[in-house]
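One-letter residues, chain by chain:
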Amino acid sequence: MITQQIIRSENLRRIYRLIDRNANISRATLAGITDLSKTTVSSLVDELIRGGYVVDCGAGISSHQGRRPNALQVHGDGNVVAVISWRRARLDAALVSSDSRILFRTEAPLSAPSEGVKQIKRVFSRKLLPAAGDARVMGVCIIIPGIVDEERQSLFSTVIGVDFNDLVVPQLREALAGYPLCFLNDTACFAYAERVFTPVQEPYFAYVNVSAGVGACLFAEGRMLRGAGAMATQFGHFSIDRDGPACSCGGRGCLECLVGENALGMRAARRGVPVPEGGRLLFSDVAAMADAGNENAQALIADLGRDLACGISNLISLFNPSLVVVGGTGTNLGPAFLAEIRTSLQDMGFGEFVRRVKVKYSRLGLGAELTGAAQYYIDTHYDFSGNTQQQLFLR
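Position numbers for residues count from 1 along each chain, tracking the sequence in the order it is written. Per-residue local features are limited, in this predicted model, to residues with pLDDT of at least 70; the limit for side-chain atom pairs, both in listing and counting, is 80 or more; totals at the level of whole chains, interfaces and linings are taken over all residues. Side-chain metrics rest on all non-hydrogen atoms present in the structure, leaving aside hydrogens and water.

Caption draft 1: Structural detail: the packing of helix 10 (residues 295–319) against helix 11 (residues 335–345). Interhelical geometry of helix 10 versus helix 11 gives an angle of 50° and a closest axis separation of 8 Å. Regarding the angle of helix 10 to helix 11, the classification is oblique. For the crossing formed where helix 10 meets helix 11, the hand is right-handed. The residues of helix 11 that touch helix 10, namely those facing Ile 301, Ala 302, Leu 304, Gly 305, Arg 306, Leu 308, Ala 309, Ile 312, Ser 313 and Ile 316, are Ala 336, Phe 337, Glu 340, Ile 341, Ser 344 and Leu 345. Under this grouping Gly is polar, as are all residues other than the nonpolar Ala, Val, Leu, Ile, Met, Phe, Trp, Tyr, Cys and Pro and the charged Asp, Glu, Lys and Arg. Of the residues that constitute the contact of helix 10 with helix 11, the class distribution is eleven nonpolar, three polar and two charged. Inter-axis angles, ranging from 0 to 180 degrees, are taken between N-to-C directions of lines fitted to C-alpha atoms, where helices are fitted over the stretch in contact. For the purposes of this entry, the term helix denotes a DSSP run of H or I that reaches at least four residues, the term strand denotes a run of E that reaches at least two, and both are numbered from the N terminus. Convention used here: angles under 35 degrees read as roughly parallel, angles over 145 as roughly antiparallel, angles from 65 to 115 as roughly perpendicular, and any remaining angle as oblique. Rotating anticlockwise by less than a right angle from the far helix to the near helix defines a left-handed crossing, while the corresponding clockwise rotation defines a right-handed one. A contact between two residues is defined here by any heavy atoms of the two lying within 4.5 Å.

Structure (structure tokens):
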């Protein structure tokens, strides 16, 4: 049931978002671009100022004669989100200001998946909280390279070795008691950053994350489909070769085990590309060899581009986006990889859809995962009326 409290909470979030996206905006301008009265807008702004979320900077610039309206800005340094990206061998943790700046960042190694919960608690209590100082910690975001299932309140990731039956969610809720806790998929965080910070103008677009694995996030009419839990699509486990190598998901020939960086050593060995002892090869290594004239490395980049194009062509046939943004460490393969994707797409899929699609690299760095997570949490879940404490968010 929609109550007045819910409506006010949504309006507070809406006004905050507009102030965040439009620095030095005035109350009058806010009223002009919303369906809210000037009185209501003024009341909401005053509540955000009293709460310490917004700062009134005094008279701003105006093109009109008479009294200049006061300019509003978010109080970024006074409000932070703790963001922890749980990866295969390490945690990447940061404090992100409410105006999307990384104020503090640190890493912690992981020798086994079982260390994850304990190490997250240690990093939060020993590093992030002290670094926050007097700033309000609005919540904690945990990013995983996998599925966040809201219905079952559980996680699944072949990368970090977490299964739906593992008690990771309740364990972390207990370890981080007293703070709102939000679980997010890594690709969704990159994609939301692309949507907000670039910003993407196309109403229908897909973000494809090529990193250790492969993922995708879809936006329809500017809204992320099914939230940030990766429940809309598992693009990395789309098979493009039913007789291909076995994937950890149980399938064969999945994009993740053909194009992901974790599979690069195997693909390189077959192409005659030198592989370091232990088999760990990075996209940047292959690009460096290709740039130095290694024909096998150049051929490998072409192979990867064609394989990804096959998956993207099917995604286009299913979803019909006007834009596909490729991000992640896969961009380290350089212009040749993107050129191969674009060229191969012209010979694949439903031509009427494919010809209208623009494919480009993301311009954002890998830190966008952290800022995207914080921004999504604030835009979607945070309650500026003060009712967010100890809540759990899994979408």
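Caption draft 2: Examining the pairing of strand 10 (residues 204–210) more closely. Relative accessibility thresholds used throughout: buried, under 20% of the residue-type maximum; exposed, over 50%; partly exposed, between the two (1.4 Å probe, protein chains only). For strand 10, the tally of buried residues reaches six of seven residues, placing the bulk of the element in the interior. Across seven bridges, the pairing between strand 10 and strand 11 (residues 214–220) is antiparallel. When the sheet's bridge partners are listed, Ala 206 is paired in strand 11 with Leu 218. Between strand 10 and strand 11, which pair antiparallel and follow one another directly, the connecting turn spans three residues. In terms of strand pairing, strand 10 meets strand 13 (residues 323–327) through five bridges, oriented parallel. Within strand 13, the position partnered with Ala 206 by the bridge is Val 324. Whether two strands pair depends on DSSP finding at least two bridges between them.

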